[in-house]
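# Notes for the structure review
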Amino acid sequence: MTTDATGTDVTEQALASLRTTADPRLRELLTALVRHLHDFARETRLTQEEWERAIGFLTATGQACTDTRQEFILLSDVLGLSMLVETLHGHRAPGATESTVLGPFHLTESPVRELGADIDLVGGGEPCVVSGRVRSADGTPLPGARVDVWQADDKGFYDVQQPGVQPSGNGRGLFTADAEGRFWFRTCVPAAYPIPTDGPVGGLLRATGRHPYRPAHIHFIATADGHTPVTTHIFVAGGDYLDSDAVFAVKQSLVQDFAETDDPALAREFGVPNPFRHADFDLVLERTA
């Protein structure tokens, strides 16, 4: 085999080597990947030194991954790829809750909690109640729907970032909606925070002059039988970085008012001091086709 000066021969040889791939989707993906990677190298005239630095960066990204940190998801997030994939496949029925990125701090299983439980196990933040309904796009309540929740604390840290400071499971909960599809829990108002910058992705942000901050938000995964699950956030209205989220995940429909509420009777009902902040919204799921 010979290679011409532009490398097109080696590209054709690499593509030809994939033609016997039995899985048609795998063949499609690998063929497009090889073609675009080779075109990128030709377009930029990639040097050997640059290629080696890129390999080193990807190696370091893998080495930064642990059971509680996914540096590759973080890389995908800051390059906008996570949000692009979500957008390509996140179309919902009219009125259904829009999806957004999973993020790098989701755990496989959040601790199961009773409705109304306080997921702020540390305290000290601004008291907040989050409530709403899980319902179908046609308005039908979804009793027994599962609502998986996780968030940073009032200082912008997740529990897995501060072992020994925050107890495991702080800011997390897995709730089951009641007979009317309702859910509610107590927490603190989350803070805006920087994504981890002590690894390769942080170095990439510094090299490109980008800030690492995400606007304040709470994560949700809502699931119900016969419906398509949704992975989403609610963002705190009026907060910083809503127009410059480091991972490009803000959608206007997901920005929610955490209203200042002065209502002693309602505070007693929820078991929080008065006044408090209250976010109330529906998680709307699309029926499975």
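It should be noted that the structure appears before, not after, this text.
What this report covers is the structure whose coordinates are included nearby. The shown structure was predicted, so the numbers you read here are calculated from the model rather than taken from an experiment.

Procedures and definitions
- Residues numbered from 1 in each chain as written.
- Predicted model: local features only at pLDDT ≥ 70, side-chain atom pairs only at ≥ 80, totals over all residues.
- Heavy atoms only, no water.
- Helix = DSSP H or I, 4+ residues; strand = E, 2+ residues; numbered from the N terminus.
- Buried < 20%, exposed > 50% of the residue type's maximum accessible area, 1.4 Å probe, protein only.
- Areas by Shrake-Rupley, 256 points an atom, 1.4 Å probe, with all protein chains shown as cover.
- Lys, Arg positive; Asp, Glu negative; His and termini not counted.
- Charge placed at Lys NZ, Arg CZ, Asp CG, Glu CD.
- 1 Å grid on protein atoms, 1.4 Å probe; cavity = no way out; pocket = protein on both sides within 12 Å on 5 of 7 lines; lining within 4 Å.
- Points joined across faces, edges and corners; volume = space filled by probe spheres on them.
- Nonpolar A, V, L, I, M, F, W, Y, C, P; charged D, E, K, R; others polar.
- Patch = residues over 30% accessible without salt bridge, like charges linked within 9 Å, V, L, I, M, F, W, Y side chains within 5 Å.
- Salt bridge = Lys/Arg side-chain N within 4 Å of Asp/Glu carboxyl O.
- Core = buried A, V, L, I, M, F, W, Y, C linked by side-chain atoms within 4.5 Å.
- Expected span 1.5 Å × (residues − 1).
- Polar contact = N/O pair within 3.5 Å; in protein donor to acceptor, adjacent residues only side chain to side chain.
- Phe/Tyr/Trp six-rings, centres within 6.5 Å; stacked < 30°, edge-to-face > 60°.
- Pairing = 2+ DSSP bridges.
- Contact = heavy atoms within 4.5 Å.

## What to know about the overall build of the protein
- The number of helices and strands found in the protein is 7 helices and 12 strands.
- Expressed along its principal axes, the backbone C-alpha trace of the protein runs to roughly 80 × 45 × 30 Å.
- Residue burial in the protein is summarised as follows: out of 289 residues, 41% are buried.
- Counting only carbon and sulfur atoms, one obtains 55% of the accessible surface of the protein, whose full area is about 15,400 Å².
- Computed over 24 positive and 40 negative side-chain charges, the separation of the two mean positions in the protein equals 3 Å.

## Some points on empty space enclosed by the protein
- This model, assessed by the stated rule, comprises 2 cavities of 30 Å³ or more.
- Space inside the largest cavity adds up to approximately 60 Å³.
- Classifying every residue of the lining of the largest cavity by side-chain character gives 10 nonpolar, 2 polar and 2 charged.
- The calculated volume of the second largest cavity comes to roughly 40 Å³.

## Re a nonpolar patch on the surface
- On the surface, Leu79, Leu81, Leu84, Val85 and Leu88 cluster together into a nonpolar patch covering about 470 Å² of accessible area.
- Note on placement: leucine 88 falls in helix H5 (residues 81-89).

## A few points about the nonpolar core
- In terms of nonpolar packing, the biggest core is built from 27 residues, with Phe183 and Phe220 touching the most fellow members.
- If you list the elements that add at least two residues to this core, you get strand S1 (127-136), strand S2 (146-151), strand S4 (182-188), strand S7 (217-223), strand S9 (230-236) and strand S12 (276-287).
- Tallying contributions element by element places S12 first for this core, with 4 residues.
- By size, the runner-up hydrophobic cluster in this structure holds 10 residues, among which are Leu74, Leu75, Val78 and Ala249.

## Some thoughts on the pattern of salt bridges
- Summed over the entire model, instances satisfying the criterion amount to 14 salt bridges.
- Ionic pairing is found between aspartate 198 and arginine 69, a salt bridge with its closest N-O pair at 2.8 Å. With aspartate 198 in the loop between strand S5 (193-194) and helix H6 (200-207) and arginine 69 in the loop between helix H3 (48-63) and helix H4 (71-78), this pair connects stretches of sequence that are 129 residues apart.
- We classify aspartate 198 as exposed; its relative accessible area is 65%.

## Section: helix H2 (residues 24-44)
- Given a rise of 1.5 Å per residue, 21 residues ought to cover 30 Å, and the 30 Å separating the end C-alpha atoms of H2 matches this to within 8%.
- Structurally, the start of H2 carries an N-cap: the backbone nitrogen of arginine 25 is 2.9 Å from a side-chain oxygen of aspartate 23.
- In the stretch just after H2, arginine 45 is the one whose phi turns positive, near 50°.

## So, the packing of aromatic side chains
- Tallied over the full model, the rule gives 9 aromatic pairs.
- Centre to centre, the rings of phenylalanine 105 and tyrosine 158 are 4.6 Å apart; their planes meet at 25°, and the pair counts as stacked. Of this pair, phenylalanine 105 sits in the loop between H5 and S1 while tyrosine 158 is found in the loop between S2 and strand S3 (172-176), placing the two residues 53 residues apart along the sequence.
- Looking at tyrosine 158, the relative accessible area reads 0%, which means it is buried.
- Ring centres 5.9 Å apart and planes at 65° place the aromatic pair phenylalanine 183 and phenylalanine 281 in the edge-to-face group. Taken as a pair, phenylalanine 183 in strand S4 and phenylalanine 281 in strand S12 lie far apart in primary sequence, 98 residues in all.
- Three or more aromatic residues link up through ring pairs in this structure, and these residues are Phe175, Phe183, Phe185, Phe220 and Phe281.

## Things to note about the pairing of S7
- With respect to burial, S7 is a largely interior element, 6 of its 7 residues being buried.
- The pairing of S2 with S7 spans 6 bridges and is classified as antiparallel. Pairing of glutamine 151 across the sheet is with isoleucine 218, part of S7.
- Both S7 and S9 contribute to a ladder of 6 bridges, which runs antiparallel. Note that in S9 the partner of isoleucine 218 across the bridge is isoleucine 234.

## Section: the side chain of aspartate 120
- Relative to the elements of secondary structure, aspartate 120 occurs in the loop between H5 and S1.
- Look at aspartate 120: it is buried, it has no salt bridge, and the nearest opposite charge is lysine 155 at 8.6 Å.
- At 3.3 Å, the side chain of aspartate 120 and the backbone nitrogen of valine 122 are in polar contact.
- Among residues more than four places away in sequence, those in contact with aspartate 120 are Gly125, Asn170, Arg186, Thr187 and Cys188.

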